Amino acid sequence: MPPLFSCRGCGLSIERSMATYRRLRGQVLCSTCQDKQDSGQGEAGVHMLNVDHHPAQPKQQCQ
């Protein structure tokens, strides 16, 4: 089982190999942050790393 590392974008615990961790110099991303970074890279080199993986909870109505 590969070791767990924290995603540098959101802090989520992710499994990555030590070889990948060393190659990226500890700057590992989860797949969601990686997708966000790849899609945002075409926009003047801006990286979108401040993402929310958890959708907003609907507000409960008071009775």
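In this report, we go over the structure that sits alongside the text.

About the cut-offs
Residues numbered from 1 in each chain as written. Predicted model: local features only at pLDDT ≥ 70, side-chain atom pairs only at ≥ 80, totals over all residues. Heavy atoms only, no water. Helix = DSSP H or I, 4+ residues; strand = E, 2+ residues; numbered from the N terminus. Buried < 20%, exposed > 50% of the residue type's maximum accessible area, 1.4 Å probe, protein only. Contact = heavy atoms within 4.5 Å. Areas by Shrake-Rupley, 256 points an atom, 1.4 Å probe, with all protein chains shown as cover. Phe/Tyr/Trp six-rings, centres within 6.5 Å; stacked < 30°, edge-to-face > 60°.

Re the overall build of the protein
- Across its full length, the protein carries 2 helices and 2 strands.
- For the protein, the succession of helices and strands along the chain, N to C, is β-β-α-α.
- Buried positions account for 19% of the 63 residues belonging to the protein.
- Expressed as a percentage of contacts within the protein between residues at least 6 apart in sequence, the contacts between residues at least 24 apart total 11%.
- When the accessible surface of the protein is summed, it comes to about 5,300 Å², and 49% of that surface belongs to carbon and sulfur atoms.

Quick notes on the packing of aromatic side chains
- According to the stated counting rule, one finds 1 aromatic pair in the structure shown.
- Taken together, a centroid distance of 4.3 Å and an interplanar angle of 10° make the contact between Phe5 and Tyr21 stacked. Residue Phe5 is found in strand E1 (residues 4–6), and its partner Tyr21 is found in helix H1 (residues 18–23); the two are separated by 16 residues along the sequence.
- Judged by relative accessible area, which is 12%, Phe5 ranks as buried.
- Taking relative accessible area as the criterion, Tyr21 reaches 30% and is therefore assigned partly exposed.

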